[in-house]
Protein chains: 2
Amino acid sequence: MARRQRSSLTDVAHAAGVSIATVSRAMSQPEMLRADTLERVRAAAARLGYRPDHVARTLASGKSHTVGVVIPTLNSPIFADTLQEMQRSLDAAGYQLLVASHEYDPAGEFAAVDKLLAHGIDGLVLVGGSRPEATWKLVESAGVPVVQMWCGRSDHACVGVDNHAAGELVARHLLALGHRRIAVITGRLRHNDRQRARLEGIRAALSEAGVALPAAYLTEQALSVPGGRVGCSILLELADRPTALIGTVDVIAIGAIAECHARGIAVPEEMSIAGIDNIELAAHVSPSLSSVEIPATRIGSETVERVLALIADMTKAGHVMLPIELVERHSTGRPGETR
Amino acid sequence: MARRQRSSLTDVAHAAGVSIATVSRAMSQPEMLRADTLERVRAAAARLGYRPDHVARTLASGKSHTVGVVIPTLNSPIFADTLQEMQRSLDAAGYQLLVASHEYDPAGEFAAVDKLLAHGIDGLVLVGGSRPEATWKLVESAGVPVVQMWCGRSDHACVGVDNHAAGELVARHLLALGHRRIAVITGRLRHNDRQRARLEGIRAALSEAGVALPAAYLTEQALSVPGGRVGCSILLELADRPTALIGTVDVIAIGAIAECHARGIAVPEEMSIAGIDNIELAAHVSPSLSSVEIPATRIGSETVERVLALIADMTKAGHVMLPIELVERHSTGRPGETR
DNA sequence: TTGTACGCGTTATCAT
DNA sequence: ATGATAACGCGTACAA
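As the structure is a computational prediction, the values presented were derived from the model and not from experiment.

Caption draft 1: Structural detail: the overall build of chain A. Scanning chain A from terminus to terminus reveals 12 helices and 12 strands. A compact globule built from 339 residues should have a C-alpha radius of gyration of about 20 Å, whereas chain A, at 26 Å, is more than 25% larger. Dimensions of chain A, computed from the C-alpha atoms along their principal axes, are close to 90 × 35 × 35 Å. Taken over 339 residues, chain A has a buried fraction of 56%. In chain A, the share of contacts with a sequence separation of at least 24, taken over all contacts with a separation of at least 6, comes to 71%. Total accessible area computed for chain A in this model is approximately 13700 Å², and 54% of it derives from carbon and sulfur atoms. For chain A, the distance from the average site of its 34 positive side-chain charges to the average site of its 37 negative ones is 6 Å.

Take a look at the structure:
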């Protein structure tokens, strides 16, 4: 029992010669007290090193001043940016962020949500809208405001981007450069609506241009640099080798560049490569990576704004679509004549 | 008040026709109940969708089954690895991880610790041992077990690596290759004992070899890829340009490689570059980065093991030093004869 | 302006 | 094996 070293309201009340209610007010509604009383209480509190107990406060008030966020993984530059900003914004508002991750496992997400809910969060933030009904049931039955990030179902608030459009943007960029043999490395599509939307966007742009996406030109890999390398090497083995390659996230695209480099394939001369996310590193690899800017930081701040609003009054908030844009760099170019 | 949709012990007790004590036992010590009673309670609980309230449980028991960790930033691959593993290990033990970050600001760290403590954490994890006395006072007065990661003061438990040795390793590697003009790009040294230790290690190795580290050969930059680029460009402007360059973290070293590449300086032919951390990306940049492996994941798991042990019995645990090793890749070579 | 007293949902200590 | 009931530390009507 670590507890009981810390002093409580009762201790301070005793020391200041007032009731615990007065001390409680001194902490939350100072203006309700007479100046001298307030001073006396504060002095006593300071002397005893009193610190309010958040747990008791939560139990009594029903508000924990805490919002929970469940993300697929901590190990992603894009999520890290968003989290960082969420933490900042929430902190500024006197809230605490509770993070849980689940490694792209639906059961793990359910467990994480359950745990967070039990911890008495005031608001919940999820990534994407695709999850088992059981999980949705759980959060709905808890009566806690939810906001989805990146993309999500229409029956709950969402702050995100048009992932479908992001896919179209990269694909069209490559098409405009003259590519016709365009291959795609995605993350696992199962349980990942962001990936699916991006891929669909790519598909739409290609078919619109009368370009096919053969099954052999599509490979699902881990959302990591090694994943990108593996995917790239598979595509490079093809008899009818593509002239361009889309990674549905930058880390995959960066892996693809690495693999080409390792095999002595010139980028973009022999192979154009583009990604989506525009993570910081994209500008610094060589060649620098053409990508689609996803405003991760802003997703974080807007999301926080949303949850806090929902916590304040349970007004239904709608969907917010943040702008995205193509960032052309040096990893993409016209298809080589050689072939 | 979102609360009060969820059913409580009382509700279940009522529904099952038993006392709340019995329900409580059904949840925590099922073996104490008669089989049929247990069954009845469980049925009622399931029917009402009962979920124990962690907050109330914490208040009553004095244990929150939660450990807090305060890190400099979420935006670092090395910390991300550690956090990921901590989350995994803690989850397996039925604990929840509470993360806070402070962007390398001591005041921010104090605030974060204060907040975490108020939230009733059972254990606290910090990075490094260098912080204002006020912060140490705070955690000590809270009576919560603490373990430091990476490195730390001797009066508290610590799971880390020998950062000094890490610095020595890279420096010696470069010295062994024949370099004599070795420059260093570190992160900000203030409030960062890991960086200081690494730099001191480098200094020690250099002076041992009779090689000087002129002030001009040392630059403090942000712990990021752009930071590495800036640092590198400064060092490249020098009249007496170094032949090798150490980034005290891999992201900085990777930035340096990017800068050399942008300027058409061949690595390692014209400039050798090495880092510390051995993040995943190090193996995939080109040229691949020579680095010192820091077992980030293992730091996470061992740290968790330690806090949990300390929480179980307040026995003082000592310092654990995890092994590190040099990983030679292709960003380092013998100094060019040209000059 | 300040004090009293009850409730928040559990755990834990006594009884029974 | 099960039931009362007092904490836990705080918020907050309601009284004074």
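Caption draft 2: Structural detail: the protein's contact with DNA strand D. As a matter of local geometry, DNA strand D sits amid 25 residues, with A:L9, A:Y50, B:T22, B:R25 and B:T37 nearest to it. Measuring from a phosphate oxygen of DNA strand D, one finds a backbone N or O atom of A:L9 at 2.5 Å. Contact between DNA strand D and B:T37: a phosphate oxygen at 2.3 Å from a side-chain N or O atom of the residue. In terms of residues, the surface near DNA strand D owes the most to one element, helix α4 (residues 54–61) of chain A, which gives 4 residues. Grouping the amino acids of the surface near DNA strand D by side-chain chemistry returns 12 nonpolar, 6 polar and 7 charged.

Caption draft 3: Representation of the relation of the copies chain B and chain A within the structure. When chain B is fitted to chain A, the residual RMSD is 0.1 Å, and the transformation amounts to a turn of 180 degrees plus an axial shift of 0.0 Å. The symmetry that links the two subunits is that of a two-fold axis. A share of 100% of interface residues in chain B that are also interface residues in chain A marks the association as one of identical surfaces.

Caption draft 4: Representation of the sheet that holds strand β5 (residues 157–161) of chain A. Residues and elements named next belong to chain A. Taken in spatial order, the 6 strands of this open sheet run β2-β1-β3-β4-β5-β11, and their pairing is parallel. Looking at which strands have only one partner, the edges of the open sheet turn out to be β2 (96–101) and β11 (319–322). Within the sheet, the average angular offset between the axes of one strand and its neighbour, ignoring direction, is 15 degrees. Pairing between β5 and β11: 4 bridges, direction parallel. Bridge pairing in β11 links C158 to H319. Packing against the sheet, helix α12 (residues 296–312) makes contact with β1 (66–71), β3 (123–127), β4 (146–150), β5 and β11, and its axis sits at approximately 170 degrees to β4.

Caption draft 5: View of the side chain of B:T332. Residues and elements named next belong to chain B. One can find T332 in the segment after β12 (325–327). A polar side-chain atom of T332 sits 2.9 Å from a polar atom in the side chain of H173. Within the structure, the side chain of T332 is placed 2.8 Å from the side chain of S290, a separation counted as a polar contact. Every residue in contact with T332, bar those within four places of it in the chain, is listed here: H173, L174, L177, P268, S272, I273, A274 and S290.

Caption draft 6: Region of the structure containing the side chain of B:D122. Residue and element names in this part refer to chain B. Relative to the helices and strands, D122 is located in the loop between α6 (106–118) and β3 (123–127). One buried charged residue, D122, forms no salt bridge at all, with the nearest opposite charge on K63 at 5.5 Å. Within the structure, the side chain of D122 is placed 2.9 Å from the backbone nitrogen of S64, a separation counted as a polar contact. One polar contact links the side chain of D122 to the main-chain amide nitrogen of H65, over a distance of 2.7 Å. Not counting residues within four places of it along the chain, the set of residues in contact with D122 comprises G62, K63, S64, H65, T66, Y95, V144, P145 and I311.

Caption draft 7: Structural detail: the pairing of strand β6 (residues 182–186) of chain B. All names here are of chain B. Burial within β6 is extensive, with 5 of its 5 residues counted as buried. Burial of the side chains of β6 extends over both faces: I182, V184 and T186 are buried on one face and A183 and I185 on the other. The pairing of β6 with strand β8 (residues 244–247) spans 4 bridges and is classified as parallel. In the strand pairing of β8, A183 is matched with L245. Pairing of β6 with strand β7 (residues 218–220) involves 3 bridges; the strand directions are parallel. Across the sheet, T186 pairs through a bridge with E220, a residue of β7. Handedness of the crossover is the feature at issue here: the chain leaves β6, passes through helix α9 (residues 193–208), returns alongside β7, and the resulting connection is right-handed.

Caption draft 8: Molecular detail of the nonpolar core. Core analysis: the largest hydrophobic core is formed by 148 residues, its most contacted members being A:V69, A:L83, A:I273, B:V69, B:L83 and B:I273. Leave out the neighbours within four places in its chain, and A:L83 touches A:V69, A:I71, A:L74, A:L97, A:V99 and B:L74. Residues B:A112, B:L116, B:L117 and B:V144 belong to the second largest nonpolar core, which totals 32 residues.

Caption draft 9: Local environment of the pattern of salt bridges. Taken as a whole and judged by the stated rule, the model has 37 salt bridges over all chains. One salt bridge connects B:R172 with B:E208, and the closest N-O pair in it is separated by 3.5 Å. Highlighted residues: B:R172 in helix α8 (residues 163–176) and B:E208 in helix α9, separated in sequence by 36 residues. The exposure class assigned to B:E208 is exposed, which follows from its relative accessible area of 59%. Overlapping salt bridges, with partners in common, bring together A:R229, A:E237, A:E259 and A:R263 in one network.

About the cut-offs
- Residues numbered from 1 in each chain as written.
- Chains lettered and ligands numbered in written order.
- Predicted model: local features only at pLDDT ≥ 70, side-chain atom pairs only at ≥ 80, totals over all residues.
- Heavy atoms only, no water.
- Helix = DSSP H or I, 4+ residues; strand = E, 2+ residues; numbered from the N terminus.
- Rg over C-alpha atoms; globule rule 2.2 N^0.38 Å.
- Buried < 20%, exposed > 50% of the residue type's maximum accessible area, 1.4 Å probe, protein only.
- Contact = heavy atoms within 4.5 Å.
- Areas by Shrake-Rupley, 256 points an atom, 1.4 Å probe, with all protein chains shown as cover.
- Lys, Arg positive; Asp, Glu negative; His and termini not counted.
- Charge placed at Lys NZ, Arg CZ, Asp CG, Glu CD.
- Near = heavy atom within 4 Å.
- Polar contact = N/O pair within 3.5 Å; in protein donor to acceptor, adjacent residues only side chain to side chain.
- Nonpolar A, V, L, I, M, F, W, Y, C, P; charged D, E, K, R; others polar.
- Least-squares fit on C-alpha atoms with pLDDT ≥ 70 in both.
- Pairing = 2+ DSSP bridges.
- Axes fitted to C-alpha atoms, helices over the stretch in contact; angles between N-to-C directions.
- Salt bridge = Lys/Arg side-chain N within 4 Å of Asp/Glu carboxyl O.
- Right-handed = clockwise from strand over helix to strand, strands pointing away.
- Core = buried A, V, L, I, M, F, W, Y, C linked by side-chain atoms within 4.5 Å.

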